[in-house]
Amino acid sequence: MLTRRHVILYGSALGAGTALGGCADGTSREAARGREEDSSNESVVKDLQATETWNLVNATPPPETQVPDGE
């Protein structure tokens with residue numbers, strides 16, 4: 001026999017299951033899009049690191065820098 005409590009319990013469970021099922025589909029699409037964006041951003045970060053490394057290694061010292069004696 002279905003009581004009011006059972007109807008409310010089953011209805012709540014059905015509603016929660018439907019809500020979670022709807023969210024799961026959107027989440028997977030968003031995760032795939034995020035992975036694609038991250039993969040393109042990674043190359044930008046590597047390029048910036050390479051540029052900064054080049055600038056650091058090949059930079060000329062500022063004019064006020066003292067050259068050690070003997071060189």
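In what follows, the structure referred to is the one given above.
Residues numbered from 1 in each chain as written. Predicted model: local features only at pLDDT ≥ 70, side-chain atom pairs only at ≥ 80, totals over all residues. Heavy atoms only, no water.

1. Considering the overall build of the protein
Put simply, the rule reads: By definition, any uninterrupted DSSP run of H or I lasting at least four residues is a helix, any uninterrupted run of E lasting at least two residues is a strand, and each is numbered from the N terminus. Any residue under 20% of the maximum accessible area for its type is buried, any over 50% is exposed, and the rest in between are partly exposed; the area is computed with a 1.4 Å probe on protein chains only. We get accessible surface area from the Shrake-Rupley algorithm with a probe of 1.4 Å; when it comes to residues, only the shown protein chains can shield them.
The number of helices and strands found in the protein is one helix and zero strands. Across the 71 residues that make up the protein, the buried fraction comes to 0%. For the protein, the accessible area works out to roughly 6,800 Å², and carbon and sulfur atoms hold 60% of it.

2. Section: a nonpolar patch on the surface
Put simply, the rule reads: Think of a patch as exposed residues, more than 30% relative accessible area, with no salt bridge, where like charges cluster within 9 Å and nonpolar side chains (Val, Leu, Ile, Met, Phe, Trp, Tyr) cluster within 5 Å. Whenever a carboxyl oxygen of Asp or Glu lies within 4 Å of a side-chain nitrogen of Lys or Arg, that contact is scored as a salt bridge.
A cluster of nonpolar residues, Leu-2, Val-7, Leu-9 and Tyr-10, forms a patch on the protein surface that exposes about 450 Å² of accessible area. By the secondary structure assignment, Leu-9 is in helix H1 (residues 4-58). Taking relative accessible area as the criterion, Leu-9 reaches 52% and is therefore assigned exposed.

3. As for the pattern of salt bridges
Applying the stated criterion across every chain, the model contains one salt bridge. Across the salt bridge formed by Glu-37 and Arg-33, the nearest N and O atoms sit 3.8 Å from each other. Of the two residues, Glu-37 and Arg-33 are both situated in helix H1; the distance of four residues between them amounts to about one turn of the helix. On the basis of relative accessible area, Glu-37 is assigned to the partly exposed category, the value being 44%.

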